[in-house]
Amino acid sequence: MYPEEERQIRVCNMEVLTLDVLGSGDGNPKESSPFINSSDPEKSQQYDGKNMALFEEEMDTSPMVSSLLSSLANYSNLPQGSKEHEEAENNEGARKKPVQAPRMGTLMGVYLPCMQNILGVILFLRMTWMVGIGGVIEAFIIVLMCCSTTMLTAISMSAIATNGVVPAGGSYYMISRSLGPEFGGAVGICFYLGTTFAGAMYILGCIEILLIYIAPQAAIFKMEGLEGPEAEAAMLNNMRVYGSLVLTFMAIVVFVGVKYVNKLALVFLACVISSILAVYAGVIKTAIEPPVFPVCMLGNRTLIWKGFDVCAKVMERENTTVTTKLWRLFCDSEFLNATCDTYFANNNVTEMQGIPGVTSGILKENLFGSYLEKGVILQKKGLSSYDEPDALPTNTNRYVVADITTFFTLLVGIYFPSVTGIMAGSNRSGDLRDAQKSIPIGTILAISTTSFIYMSSVVLFGSCIEGSVLRDKFGEAVRGNLVIGTLAWPSPWVIVFGSFFSTCGAGLQSLTGAPRLLQAIARDGIVPFLRVFGHGKANGEPTWALLLTAFICESGILIASLDSVAPILSMFFLMCYMFVNLACALQTLLRTPNWRPRFKFYHWALSFLGMSLCLSLMFICSWYYAIVAMVIASCIYKYIEFQGAEKEWGDGIRGLSLSAARYALMRLEEGPPHTKNWRPQILVLVSVDAEQNVEQPRLLSLTNQMKAGKGLTIVGTALAGTFLDNHPQAQQAEQSVKKLMETEKVKGFCQVVVSSNIRDGTSHLVQASGLGGLQHNTVLVSWPRNWKQAEDHQLWRNFIELVRETTAASKALLVAKNISAFPSNGERFTEGHIDVWWIVHDGGMLMLLPFLLRQHKVWRKCKMRIFTVAQMDDNSIQMKKDLTTFLYHLRIDAQVEVVEMQDSDISAYTYEKTLMMEQRSQILKQINLTKTEREREIQSITDSSRGSIRRKNPAAVTTQLSVTEEPAASSKEEKPEEECVTVSPPPQEQLIHDKSTNPPTPATPQSPAAEAETPSTVVQMTWTETKCDGEQAKPLGVTTNEAIKDLFNMKPNQSNVRRMHTALRLNGEIVKKSQEAKLVLLNMPGPPRNRTGDENYMEFLEVLTEGLNRVLLVRGGGREVITIYS
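Nothing here was measured: the structure is a model prediction, and the numbers come from that model.

1. Looking at the overall build of the chain
Helix and strand content of the chain: 37 helices and 15 strands. Relative to its full complement of 1126 residues, the chain shows a buried share of 52%. Across the chain, every contact between residues at least 6 apart in sequence was considered, and the portion connecting residues at least 24 apart equals 81%. Summed over its atoms, the accessible surface of the chain is roughly 53100 Å², and 56% of this surface lies on carbon and sulfur atoms.

2. Thoughts on helix α16 (residues 435-464)
The first and last C-alpha atoms of α16 sit 42 Å apart over 30 residues, in line with the 44 Å expected at 1.5 Å per residue. Buried residues dominate α16, accounting for 22 of its 30 residues.

3. Details of the side chain of T195
Looking at where T195 falls in the secondary structure, it is placed in helix α8 (residues 170-214). Take T195: its relative accessible area is 14%, and that puts it in the buried class. Not counting residues within four places of it along the chain, the set of residues in contact with T195 comprises S510, A514 and F573.

4. A look at the pairing of strand β12 (residues 863-870)
With respect to burial, β12 is a largely interior element, 7 of its 8 residues being buried. Relative to β12, strand β11 (residues 833-838) runs parallel, the two sharing 6 bridges. Among the inter-strand pairings, V836 is bridged to a residue of β12, identified as I866. The handedness of the β11 to β12 crossover, carried by helix α29 (residues 845-853), is right-handed. Both β12 and strand β13 (residues 895-900) contribute to a ladder of 6 bridges, which runs parallel. Residue pairing in the sheet places A870 in a bridge with E900 of β13.

5. Here's the deal with the packing of aromatic side chains
According to the stated counting rule, one finds 22 aromatic pairs in the structure shown. An angle of 20 degrees between the planes, with centres 6.3 Å apart, marks the rings of F197 and F572 as stacked. A residue pair is termed long-range when its members are at least 10 positions apart, and F197 in helix α8 and F572 in helix α21 (residues 562-590) qualify at 375 residues. Here F197 matches F572 in class, with each residue buried. Chaining the aromatic ring pairs together yields one cluster made of F191, F416, F573 and Y577. The aromatic ring of Y343 is capped on one face by R301, whose charged end is 3.7 Å from the ring centroid.

6. Focus: the sheet that holds strand β9 (residues 778-782)
Strand order in the open sheet formed by 10 strands is β8-β7-β6-β9-β10-β15-β14-β11-β12-β13, with mixed pairing between adjacent strands. Only two strands of the sheet have a single neighbouring strand rather than two, namely β8 (749-755) and β13. On average, each strand axis in the sheet is inclined to that of its neighbour by 20 degrees, with strand direction left out of account. Pairing of strand β6 (residues 682-685) with β9, which is carried by 3 bridges, proceeds in the parallel orientation. Note that in β9 the partner of V684 across the bridge is L780. Helix α27 (residues 758-768) contacts β6, β7 (713-720) and β8 of the sheet and is inclined by roughly 155 degrees relative to β7.

7. Concerning the pairing of strand β4 (residues 320-323)
Strand direction decides the pairing type here: strand β3 (residues 314-317) and β4, joined by 4 bridges, are antiparallel. Bridge assignment links E316 to a residue of β4, and that residue is T321.

8. With respect to the confidence of the model for the chain
Model confidence for the chain is summarised by a mean pLDDT of 77, while 75% of its residues fall at 70 or above. Counting contacts from residues 74-89, a segment whose pLDDT is below 50, to residues more than four positions away or on other chains yields 32 contacts. Confidence drops under pLDDT 50 across residues 946-1040; counting only partners more than four residues distant or on other chains, this segment forms 155 contacts.

9. A short note on the nonpolar core
Formed by 166 residues in total, the largest nonpolar core has its most connected members in M127, V143, M201, Y415, Y454, F461 and I465. Excluding anything up to four places from it in sequence, Y454 contacts I118, L119, G120, L123, M127, V143, C147, Y415, S418 and V419. Core analysis: the second largest hydrophobic core is formed by 53 residues, A816, I819, W838 and W859 among them.

10. A short note on the pattern of salt bridges
According to the stated counting rule, one finds 15 salt bridges in the structure shown. Residues K380 and E466 are paired through a salt bridge, measuring 2.7 Å at the closest nitrogen-oxygen approach. In this pair, K380 is assigned in the loop between α13 (363-366) and α14 (408-415) and E466 in the loop between α16 and α17 (467-470), connecting sequence segments 86 residues apart. By relative accessible area, K380 is classed as buried at 11%. The exposure class of E466 is buried, given its relative accessible area of 5%. Look at the salt bridges and you will find they share partners, linking R126, E208, D403, K473 and D563 into a network.

What counts as what
Residues numbered from 1 in each chain as written. Predicted model: local features only at pLDDT ≥ 70, side-chain atom pairs only at ≥ 80, totals over all residues. Heavy atoms only, no water. Helix = DSSP H or I, 4+ residues; strand = E, 2+ residues; numbered from the N terminus. Buried < 20%, exposed > 50% of the residue type's maximum accessible area, 1.4 Å probe, protein only. Contact = heavy atoms within 4.5 Å. Areas by Shrake-Rupley, 256 points an atom, 1.4 Å probe, with all protein chains shown as cover. Expected span 1.5 Å × (residues − 1). Pairing = 2+ DSSP bridges. Right-handed = clockwise from strand over helix to strand, strands pointing away. Phe/Tyr/Trp six-rings, centres within 6.5 Å; stacked < 30°, edge-to-face > 60°. Lys NZ or Arg CZ within 6 Å of the ring centre and 35° of its normal. Axes fitted to C-alpha atoms, helices over the stretch in contact; angles between N-to-C directions. pLDDT = per-residue confidence, 0-100. Core = buried A, V, L, I, M, F, W, Y, C linked by side-chain atoms within 4.5 Å. Salt bridge = Lys/Arg side-chain N within 4 Å of Asp/Glu carboxyl O.

This is the structure we're talking about:
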């Protein structure tokens, strides 16, 4: 090889190695590796060239590195539909230029959007109230707990977001691809519901600011003069009406165009930042010159500053004492001798400063909380007050009262929505210049900034504002001002308008983001009933999703109370954050090979702590809402699991399943299962036809009826040939078996083995199926069909070898005879019996199988009968008592019967049947003769045997030399499968039924019913001189008559005679007792130790089960499988 060529080939090898590293994925072209197996003709043209001739065969399926890198460079991670939307928006007419992906950095793309979403309505409307109710210490704990939760979640999210390219789809995409479609769909819908209810909360906050602080006179339902529940109802109705109007307006804005919302985003953000800066400026100003916001107290009660101007009962005017407007509120006239409210008369009116300032030392009073019951009047500690005992409060509409009952967990539920919004950056991942760098930095910085703002706000509010004012939710004591606004500089209106516009903007953002999230879930196709919401306008706008979002948002607005809506969305966000932490912890602990995040400052313990905090906060906020949210998520999970589309995203739950399976398998290796835990772990051996369809589908029906979905089931089949040549057939057979397993509802695994012959393939399945401790202990197979007619007689030889191998491997063996007559899963037996013939004890399989079958609806109404055989020396009465006691201890309900078999002489029929069986064996040994010799040998034997057998027993003997059974046409449909199919031998051996010479005679005495059920079992078959194809047989050639005489003068083996005698006697008893049974189970005798009498063994089993419709031959695995102990 020339040096230049060697250098080129080395380069090629390096390129292929690079390709393998870059292109490996989960096989999903859409999401991970869209470059492998591509049939793009343009790409294939790039492969032409002499330098790459060595890799010509790979070029059809594997791309060149140059084309791969080009594709990666041009990779667009915009969400489905957004690219078309941008093109439609920017190029309404002709498309003038290609759409450039937006480029945003950390500040504009992540930091500021997160700031805008985190800082919102709760900070402006409920933060001061929360500090006043819970005290600075408890409020600080709540803020610290919630901010820690979001910070830990952000760390986990950063790890997930930097683990590869994050397509647009944000948190839903990350969770679903990390935890799988079931968890992804459940959490995605929860996140969608949380975002939608957040929109409702923002709209309610917007209306609250409008009707209480900006334009109270705009209320449709007037509240003046109303008290208690009436005033509350009027306020809620106002919220519902205005909330619905605002929602309608916002939905129209979103429908018309998202670009208007995005353009206003910076304006809304400016409002938020200016409001916060105004608060800090106001705090600084209080240290120099506190603002004048007086609070009027009557005794220690806080008065609503409304309807009066001076905080005093009387005042001096022109040297005259006159009453004030406050006097007239509590007295029946303006004169000094008027009758006044008792509490008003007994207590002084004092005016105090509502904003003492940061240097006043008010912090000490506000350190601890003061939780209130609904309707309780706000009071200030330390002020003197006189109240008559047992006197009910009057004029309560003049005082500031608590509108709801407060407690610690309520404050947590109301506050937590103020720290949500950390996903804003990840939701914009498709618009970022470098998402893997911007998302962690921007999100963590935003959370750090907002956490500082919240924690400092708690301390500053407690240091600057009087406690009674802090507990005044709606600012009634400070002339109806927004409480946080009283602290702001230069004017309270900065906060009022800033919070109003920021809540409007947050509501618009929620109504913009939620439909797109729902559209992403719908287009993933994992929740079938949501697919309609994946459609939208021509430009990709999610119209149907917007309608559903508006409808759900309206349900939140109808609740009308911000304090009631906040805990609802807290649940959904907490559940979403919990699963983000779970995803990161799982991926870290499982050490998934693809888990290589660029963000290194994470640890599974932090993720686990974050997950625990989320779960704790869910139940702290509201245990019943938490249960409802979990039930919703669980229902969605199960729905996706059973009805949803199958997705494989390489998720962490899949990895967890693998780890759990490995752990369980290692535990199983520690020892065999206890008898109490033993259940049949079945290897079902089936055969397939030329089209790779299963020939015995009822075997799987029987498997389902025995297993009821429990334990291990492996369905195996063997194909003859080489794996390279027969790989497509093996795949086709596997698909066929899996489809049948799905039809028959058999939960298990499929295994197809390709071997040089069927015998070896079956042996490999018996030896190697299963994994570790999770292996089969039982083999289920059907009785070989037409084993007498097999061309090379390998069918029954394979069967006997299978029996020997299962015995050697200590596996139980179940052989279903007449499998086509077994019931399908849809059939029901309304009555009947399952008969067990217990001849020898083999570990209790015969007892356990009927019990398992009767758990299935097919056999549920069948009763169980157990027959056992007593010999001459046995006490049959005692045997029955002992068996009844044994069954009682086994907790099995069954009828017991002991069958006595008296010793009897071996009949002539038994002798003849054994003789014919052995003669047939000798004939089969002549298979290796030439064609002509074989025909002549068979003709000579049949002629001699016909006369010999008729002379000995003309009435009862059936010629056993036949190898073809041809039943009457009228009974073909009713016959069991093994007895109705005729397999034709090769032409030189092809034989037909000579009806004219020998009419059918019964082989065994049977009742008319037995003859009707199995007509083919009593048909006599003979040889014929004419071949099936009409060709005249050749005349007898040179054949030694002495050899034929030796064959027919042979005497049967005495051991075979005894076995035939046992088989006939037992068969007679079984037919007599169990012919009408729905199923007969009996012990399966073992094969002979030497292989010379294998064909005789098959004949014995045929005789033993003759005349029975459904038979299950059972051979134990050499261990006890049932116990009387608990």
